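Notes for the structure review
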Amino acid sequence: FLIFIWERQLKILLLTFLFLVAAALVRGADAPPNIVFVLIDDMGWTDAQCFGSRVYETPHIDKLASQGMKFTQAYAACNVCSPTRASILTGRSPARLHITDWIPGHVSPKDKMRVPDWTMHLPLEEITLARALKSAGYSSASIGKWHLGGPEFYPDKHGFDINIAGTDKGQPPSYFYPYRIPTLTGGKEGEYITDRLTDEAIAFMEKNKGRPFFIYLAHFAVHTPLQAKKEVIDKYKAKIKPGDLQRNAIYAAMVEGVDDSVGRIAAKLDELKLSDNTILVFFSDNGGLVLNNTTDNSPLRAGKGTGYEGGVRVPMIVRWPGKVRPGSECTVPVISMDFFPTLCEAAGVKPDPARPLDGVSLMPLLTGTGGIQRDALYWHYPHYHPGGATPHSAVRAGDFKLIEYFEDGRLELYNLKDDLSEKENLAAKMPEKAQELHKLLIEYRKAMGAQMPVMK
């Protein structure tokens with residue numbers, strides 16, 4: 001009798017155990033993915049080895065590309081930071097948001113045109129990724145640069161559970177402790193901010209490993225002021241040779257610091273056994289800064305602040321094991337507004353249909369199940385930039401890109417397939433194509449309610 005009772009209890013325990021294991025597996029299969037979005041500031045299209053750099057050493061970014069999908073025609077929504085950041089978080093065009101310049105922008109008495117009265121913060125009524133994902137049970141952290149308004153518009157007012165280091169400022173007073181950032185407390189002598197922000201992201205992963213999380217890790221690097229660890233700077237001073245286009249040793253050391261961060265994030269995900277259910281995104285908010293030989297975006301023309309490819313084309317990698325084919329490459333043009341609908345779809349969140357989005361979900365591209373439906377990409381920059389850019393709009397449809405400059409109405413047309421460096425203006429040779437794209441641009445500005453500059 002006792003043996004019978006014992007065997008029966010053993011069977012019950014065994015069945016219970018198997019049920020719990022099966023339930024855990026089902027929950028694991030259905031669990032929404034964690035999301036880690038690593039946003040670099042001012043990193044140029046060719047600043048990683050896997051995108052063409054022959055000077056900067058980026059083994060961890062390169063490894064990420066080998067594990068996921070590299071996008072070779074990815075674009076920031078603007079040639080400067082704040083508008084692109086707003087577009088990532090909301091899925092909406094800077095022109096629609098009226099956030100069209102870095103905050104607070106640049107105004108000179110020598111400017112021929114008066115810039116519009118644009119919005120210098122992310123309005124609280126906007127639905128951010130953090131707010132949208134909260135409905136699916138996500139915990140969220142904004143770690144690093146914010147630059148979308150003062151304390152009343154900080155990340156914690158936009159759905160993020162915590163804000164670490166985010167303020168209204170676009171760059172840190174110092175990359176070394178003491179940082180003098182009111183939302184980044186503690187630290188120790190010699191601590192480097194890129195390392196510190198990575199520490200904070202890792203701590204958040206460890207604390208929230210039992211539930212889905214969204215980490216918006218927005219590094220200050222590689223934005224000015226150019227500051228890096230001395231031993232790494234010395235390494236590149238010895239490495240850089242005469243004739244190298246990318247020849248700033250401090251900037252090179254900052255790129256390596258960002259690469260180290262990516263490696264540490266990936267390693268921690270592996271350690272916590274979270275990699276298989278985590279979407280890891282690598283992106284830059286605009287093209288590389290070319291002033292004062294900071295970096296070089298060749299073969300792209302110009303850099304940050306301009307409407308040319310060097311100002312808006314950026315590196316982009318997405319890793320999602322089991323969904324994205326390792327070592328794959330996507331040549332379809334995509335833009336920063338696409339992240340919002342893509343990540344919402346991945347998390348099983350349906351955006352409010354009454355709130356128009358300007359991005360499209362990239363899930364068909366990521367999973368290899370199809371293409372995306374879109375006729376053109378657009379940019380609108382009714383401002384002046386310290387680097388020399390004047391107010392303009394731009395459109396890319398197929399291989400052709402048109403830029404309209406507002407001061408004199410000049411049109412520039414380029415065939416990016418044949419002329420990636422935008423050397424030959426085809427507007428006079430192909431007037432019909434120029435007018436076709438110009439019409440698209442006018443219709444776009446009207447649909448967005450885009451603000452325009454006016455002559456003084």
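Just above sits the structure.
Residues numbered from 1 in each chain as written. Predicted model: local features only at pLDDT ≥ 70, side-chain atom pairs only at ≥ 80, totals over all residues. Heavy atoms only, no water.

A short note on unusual backbone geometry
Leaving glycine aside, a negative phi is the common case for residues, and trans is the common case for peptide bonds. Residue P104 is bonded to the preceding I103 through a cis peptide linkage, with omega at 10 degrees. Cis peptide bonds are those with omega within 30 degrees of zero, and the linkage from S298 to P299 qualifies with 15 degrees. Within the secondary structure, P299 is located in the loop between β7 (278–284) and α9 (309–312). Residue A165 is not a glycine yet carries a positive backbone phi of 80 degrees. Summarising the element assignment, A165 is placed in the loop between β5 (162–164) and α6 (193–207). By relative accessible area, which is 1% here, A165 ends up buried. Non-glycine residue R180 carries a positive phi angle of around 60 degrees. The residue R180 is located in the loop between β5 and α6 in this model. (Helix = DSSP H or I, 4+ residues; strand = E, 2+ residues; numbered from the N terminus. Buried < 20%, exposed > 50% of the residue type's maximum accessible area, 1.4 Å probe, protein only.)

Observations concerning the pairing of strand β11 (residues 377–381)
Among the five residues of β11, five are classified as buried, and the element is accordingly described as predominantly covered. Burial along β11 is two-sided: the residues L377, W379 and Y381 and Y378 and H380 are all buried. Direction of pairing for β11 relative to strand β12 (residues 392–397): antiparallel, over a ladder of five bridges. Along β12, the bridge assignment pairs Y381 with H392. (Pairing = 2+ DSSP bridges.)

Re the nonpolar core
Ranked by size, the top nonpolar core spans 55 residues in total, and within it I215, I265 and F282 carry the most contacts. Of all the elements in the fold, those that place two or more residues in this core are β1 (34–40), α2 (59–67), β4 (139–144), α6, β6 (213–218), α7 (230–239), α8 (249–271) and β7. In terms of residues, this core owes the most to one element, α8, which gives 10 residues. For I265, the residues in contact, after removing those within four places along its chain, are V36, T198, A201, I202, M205, L217 and L280. With 49 residues, the next largest nonpolar core counts I99, V314, V318 and F340 among its residues. (Core = buried A, V, L, I, M, F, W, Y, C linked by side-chain atoms within 4.5 Å. Contact = heavy atoms within 4.5 Å.)

With respect to α8
Over its 23 residues, α8 extends 33 Å from the first C-alpha to the last, a length consistent with the 33 Å expected when each residue adds 1.5 Å. One side-chain oxygen of the residue at the start of α8 lies 3.0 Å from the amide nitrogen of I250, identifying that residue as N248. Backbone geometry just downstream of α8 places K273 in the positive-phi region, at approximately 60 degrees. (Expected span 1.5 Å × (residues − 1). Polar contact = N/O pair within 3.5 Å; in protein donor to acceptor, adjacent residues only side chain to side chain.)

Describing the pattern of salt bridges
Per the stated rule, a full pass over the model turns up 30 salt bridges. We note a salt bridge from D285 to R85, for which the minimum N-O separation is 2.9 Å. Taken as a pair, D285 in the loop between β7 and α9 and R85 in helix α3 (residues 81–90) lie far apart in primary sequence, 200 residues in all. Considered together, D285 and R85 belong to a single accessibility category, that of buried residues. (Salt bridge = Lys/Arg side-chain N within 4 Å of Asp/Glu carboxyl O.)

Read these as geometric descriptors, not functional statements.
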